[in-house]
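# Structural features, examined
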Amino acid sequence: MNEERHHEYEPQDVEPEVHEATEEKSTYPSRSEWRPKQEEHVRHKPRPNIKPLLLGGVGGFLGAALFFVIVMLWDSPTSRFVTNELTRTEQAVTVTESDVTTAVLGAKPSVVSITNIQRAFTSDSQWEAGAGSGVIYKIEGNTAYIVTNFHVIEEADEVNIAFSDGQIASATILGEDPLNDLAVAEVELPKNIDVEPIVLGDSTVLQAGETVMAIGNPLGVFSNSVTRGIVSGVERTVPVDTNSDGLMDYNAEVIQTDAAINPGNSGGALINIRGELVGINSMKIAEASVEGVGFSIPVNVALPVIDMLERDGKVTRAQLGVTIQEVIAVPGNVREEYGISFDQEDGVFVEEVTPGSPAEEAGLSVGDVITKIGDREIKRYVDLRDALYRDATVGDTISIEYLRRGEARKTEATLTEAT
């Protein structure tokens, strides 16, 4: 899977339409059955043959009755309800469009454009290395706090913030977290600016098919642009290579959406129909054969990271104290040396144990193959990172299952803070 960091240009011009309609069932008045009155039999006198007359009379009566019923129904309340069905549907769509407009108008002032300024080491020249978006999530006094993507401000010597009214200010980066692709900045608000922090929503209640809007600065040119779509999927996991070494470092939990997320939208807001922030737009799949597959960091996942970055300037994570390699990549001669079966493909191989680390205290050694931590199966490198960074915190005691020369073993380790 190829993921796009939004420094690249690959605009998507086609935006999916959302058709909304209401469906109501109309109930017509029931018709009573027509039952002719039974004839009395006259025995003392022969009866004339009146069947042709009866059939003709019955046919005429039924025709008149049917015409009467049609006329009555045509002007009945039920009939008016049916003929107004299209109008009612159009009215429902109009209300929805109005809600979308109201949500966007409320959220747009809280979304800013960000310019990454970098300077050359050997001269005073500077240039715009990239552009993205950010979201004002808190204001204290005259200071606004902004969340964006790490890759938007990565290696920046200066970060400029452009507000929705066009005013520009220089921001200070408070903290960065490459693993979650998040960063927090603070900026002094310009005078006479009218802006409020965005209303925070709850990403845990999102459902597939729910209407969402992405607000950002696509291509670094079209500030405060809005694209509309739906939630395509929730609780998706996408493997992320944070240091471009070709090894997936982490399984990012994301919201999948078909709202267009183009380069420059990174760090912008994904809002729901109430104008609440439910995600931080982060990436999309950039392949010629793929359309409308974008991803946003859920706000409930982002908030704890934002708090740590604002408070401590970093994210505190637990460490086990091992250097590892995926078993599937272990060469044959190393497998023979440590007694690892050639059929063994899942697990992580311990290449080094840090002295004094939780791993050493737990008895792990070079050559061991970790296969499970807690309830999580460890098949690849990202599984180990998830077990340490998502499932556990500093001070937790975790259970570890591993193989040593093909023999299954168990141990426990108390995690310490990563340095």
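Here is what the cut-offs are and how they apply
Residues numbered from 1 in each chain as written. Predicted model: local features only at pLDDT ≥ 70, side-chain atom pairs only at ≥ 80, totals over all residues. Heavy atoms only, no water. Helix = DSSP H or I, 4+ residues; strand = E, 2+ residues; numbered from the N terminus. Buried < 20%, exposed > 50% of the residue type's maximum accessible area, 1.4 Å probe, protein only. Contact = heavy atoms within 4.5 Å. Areas by Shrake-Rupley, 256 points an atom, 1.4 Å probe, with all protein chains shown as cover. Pairing = 2+ DSSP bridges. Salt bridge = Lys/Arg side-chain N within 4 Å of Asp/Glu carboxyl O. Phe/Tyr/Trp six-rings, centres within 6.5 Å; stacked < 30°, edge-to-face > 60°. Core = buried A, V, L, I, M, F, W, Y, C linked by side-chain atoms within 4.5 Å. pLDDT = per-residue confidence, 0-100. Expected span 1.5 Å × (residues − 1). Axes fitted to C-alpha atoms, helices over the stretch in contact; angles between N-to-C directions.

Under an unreviewed UniProt entry, the name given to the protein is Trypsin-like peptidase domain-containing protein, and the source organism is Exiguobacterium profundum.

### Some details on the overall build of the protein
Within the protein, the regular secondary structure consists of eight helices and 21 strands. Across the 419 residues that make up the protein, the buried fraction comes to 41%. The contacts of the protein with a sequence gap of at least 6 include a subset with a gap of at least 24, amounting to 64%. Accessible surface computed for the protein: about 23,400 Å², of which carbon and sulfur atoms make up 50%.

### Overview of the pairing of strand β8 (residues 211–216)
Burial analysis of β8 places six of its six residues in the buried class, the great majority of the element. The alternating pattern of β8 places T211, M213 and I215 on one face and V212, A214 and G216 on the opposite face, and all of these are buried. Of the strand pairs in this sheet, β8 and strand β9 (residues 225–240) are connected by six bridges, and their pairing is antiparallel. Directly across from T211, in β9, lies its bridge partner I230. The pairing of β8 with strand β11 (residues 269–271) spans three bridges and is classified as antiparallel. Across the sheet, the residue bridging to I215 is A269, located in β11.

### Describing the pattern of salt bridges
Any two side chains of opposite charge can pair if their charged atoms end up close together. As enumerated under the stated definition, the model contains 13 salt bridges in all. Of the charged contacts in the structure, one is a salt bridge between R317 and D177, with a shortest N-O distance of 2.8 Å. Taken together, the residues span a long stretch of sequence, with R317 in the loop between α5 (299–312) and β14 (318–319) and D177 in strand β6 (residues 168–177) at a distance of 140 residues. With respect to class, R317 is no different from D177; both count as buried. Here D368 and R404 are joined by a salt bridge, their closest N and O atoms 2.8 Å apart. Note that D368 is positioned in the loop between α7 (358–361) and β17 (369–373) and R404 in strand β19 (residues 397–404), a separation of 36 residues in sequence. Because the salt bridges share partners, they merge into one network encompassing K138, E140 and E310.

### Comments concerning the packing of aromatic side chains
For the coordinates displayed, the defined rule picks out two aromatic pairs. Ring plane angle 50° and centroid distance 6.4 Å describe the contact between Y137 and Y145, whose orientation is recorded as tilted. What makes Y137 buried here is its relative accessible area of 11%. With 5.6 Å between their ring centres and 65° between their planes, Y338 and F349 make a pair best called edge-to-face.

### Some points on unusual backbone geometry
Negative phi characterises most residues that are not glycine, and trans characterises most peptide bonds. The backbone phi angle of N192 is positive, close to 60°, even though this residue is not glycine. Along the chain, the position of N192 falls in the loop between β7 (182–188) and β8. The class of N192 is exposed, set by a relative accessible area of 80%. One non-glycine residue with positive phi stands out, namely N224, at about 55°. Along the chain, the position of N224 falls in the loop between β8 and β9. Since its relative accessible area comes to 13%, N224 is described here as buried.

### Overview of the environment of R311
When you line up the elements, R311 lands in helix α5. Sequence spacing of R311 and G175 is 136 residues, and the spatial spacing of their C-alpha atoms is 8.6 Å.

### As for the nonpolar core
Grouped burial of nonpolar side chains is what soluble globular proteins tend to show. L182 and I271 are the most contacted members of the largest nonpolar core, which has 26 residues in total. Sequence-distant contacts of I271, defined by excluding residues within four places in its chain, comprise A103, V104, A107, I198, T211, V212, M213, I215, E276, L277 and V278. Listed in part, the 22 residues of the second largest apolar core include A362, I370, I400 and Y402.

### A word on the confidence of the model for the protein
On average, the protein scores 79 in pLDDT, and the residues at 70 or more come to 74%. Low pLDDT, under 50, characterises residues 1–58; the stretch is placed with 81 contacts to residues that sit more than four places away or in other chains. Under a pLDDT of 50 for its full length, residues 66–95 has, in the predicted model, 22 contacts with residues more than four places off or in other chains.

### Regarding α5
The end-to-end C-alpha distance of α5, which contains 14 residues, comes to 19 Å, matching closely the 20 Å that a straight helix rising 1.5 Å per residue would cover. Considered for burial, the residues of α5 that qualify are V299, A302, V305, I306, M308 and L309.

### Digging into helix α8 (residues 381–389)
Burial of α8 is extensive: eight of the nine residues sit out of reach of the surface. Where α8 is concerned, the buried positions are Y381, V382, D383, L384, R385, D386, A387 and L388.

### Here's the deal with the sheet that holds β7
Spatially, six strands are ordered β2-β3-β4-β7-β6-β5 in a closed barrel, and the strand pairing comes out antiparallel. When strand polarity is set aside, the average angle formed by the axes of neighbouring strands in this sheet is 40°. Two strands pair when backbone bridges link them, and strand β5 (residues 158–162) and β6 are joined in this way by four bridges, in the antiparallel orientation. Looking at β6, one finds that I161 is bridged to A169. This element, α5, spans β3 (126–140), β4 (143–148), β6 and β7 of the sheet and lies at about 55° to β7.

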